[in-house]
Amino acid sequence: MLTALNPTDLVPGTPLAADLHALYAGNAAYHRLSGEFGPDLTEAQVLASVTEDLAVAGAQVFAVRDDRGAFVGIVNVLAAHPKDGLPWIGLVMVDAGRQGTGLGTAAAREVHELLRGRGCAAVRLAVLENNPAAFGFWTSLGYTEVDRRPDLQFGRPCIVMHRPL
């Protein structure tokens, strides 16, 4: 289940802040690939990053919760990418200990439904070229490669993937 986050939710020292920090810190392998965070990731860095994501025009950040309501991940969605006008999934991150259990798939499908409900016909995302596991995950959900180019924020080599809704 996805629940929208707001900047006012991102308060240091709260259970949500601790959950976000644990999520990001527990996904150290991804951060080594992305180069976004070092091994000594702080709660303040995570909250600043999520706050920055929320500040982008048309962006939404969602907490992913399991069927018991426990926080298990985060999803970022951009309503319209500046280069192509399509909605983009910016990030799906699930608790590292629960990856492979269907939580990421369920979150992606919920995003698909959300975008369909908004009248969107397709969605895109970018996978880091050095992350074949992510490429395989998104391919299994029906995404296909449409381009290779550096990402806009950091210039990292990426595979742009597209999926009709």
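Residues numbered from 1 in each chain as written. Predicted model: local features only at pLDDT ≥ 70, side-chain atom pairs only at ≥ 80, totals over all residues. Heavy atoms only, no water.

Participant: Help me out: how do you make sense of the environment of L103 in this one?
Facilitator: Mapping L103 onto the fold places it in helix α4 (residues 103–117). We classify L103 as buried; its relative accessible area is 14%. Distance from L103 to G26, taken between C-alpha atoms, is 16 Å for residues 77 residues apart in sequence. (Helix = DSSP H or I, 4+ residues; strand = E, 2+ residues; numbered from the N terminus. Buried < 20%, exposed > 50% of the residue type's maximum accessible area, 1.4 Å probe, protein only.)

Participant: Sorry, what's going on with the packing of aromatic side chains here?
Facilitator: According to the stated counting rule, one finds two aromatic pairs in the structure shown. Ring plane angle 80 degrees and centroid distance 4.8 Å describe the contact between F137 and W138, whose orientation is recorded as edge-to-face. What makes F137 partly exposed here is its relative accessible area of 24%. Where W138 meets Y143, the ring centres are 5.1 Å apart and the plane angle is 75 degrees; that geometry is what we call edge-to-face. In this structure W138 comes out as buried when scored by relative accessible area, which is 8%. (Phe/Tyr/Trp six-rings, centres within 6.5 Å; stacked < 30°, edge-to-face > 60°.)

Participant: How do you make sense of the nonpolar core when you look at a structure like this?
Facilitator: One broad rule of soluble globular proteins: the nonpolar side chains tend to lie buried together. Formed by 22 residues in total, the largest nonpolar core has its most connected members in V75, W138 and Y143. The set of elements that each furnish at least two residues to this core consists of β2 (59–65), β3 (71–78), β4 (88–94), α4, β5 (122–128), α5 (132–140) and β7 (157–164). Of the residues forming this core, the biggest block, five residues, is contributed by α4. Setting aside anything within four residues of it in sequence, one finds W138 in contact with I89, V92, A108, L125, V127, Y143 and M161. If you look at the next biggest cluster of nonpolar residues, it comprises 19 residues, including L10, A17, L23 and M93. (Core = buried A, V, L, I, M, F, W, Y, C linked by side-chain atoms within 4.5 Å. Contact = heavy atoms within 4.5 Å.)

Participant: Explanation requested: the pattern of salt bridges in the structure shown.
Facilitator: In a structure, side chains of opposite charge can pair up when their charged atoms sit close to one another. A full pass over the atoms with the stated rule returns eight salt bridges. R149 serves as the salt-bridge partner of D147, at 3.0 Å between the closest nitrogen and oxygen. For R149, a relative accessible area of 23% translates into the label partly exposed. Overlapping salt bridges bring together D66, R68 and R98 as one network. (Salt bridge = Lys/Arg side-chain N within 4 Å of Asp/Glu carboxyl O.)

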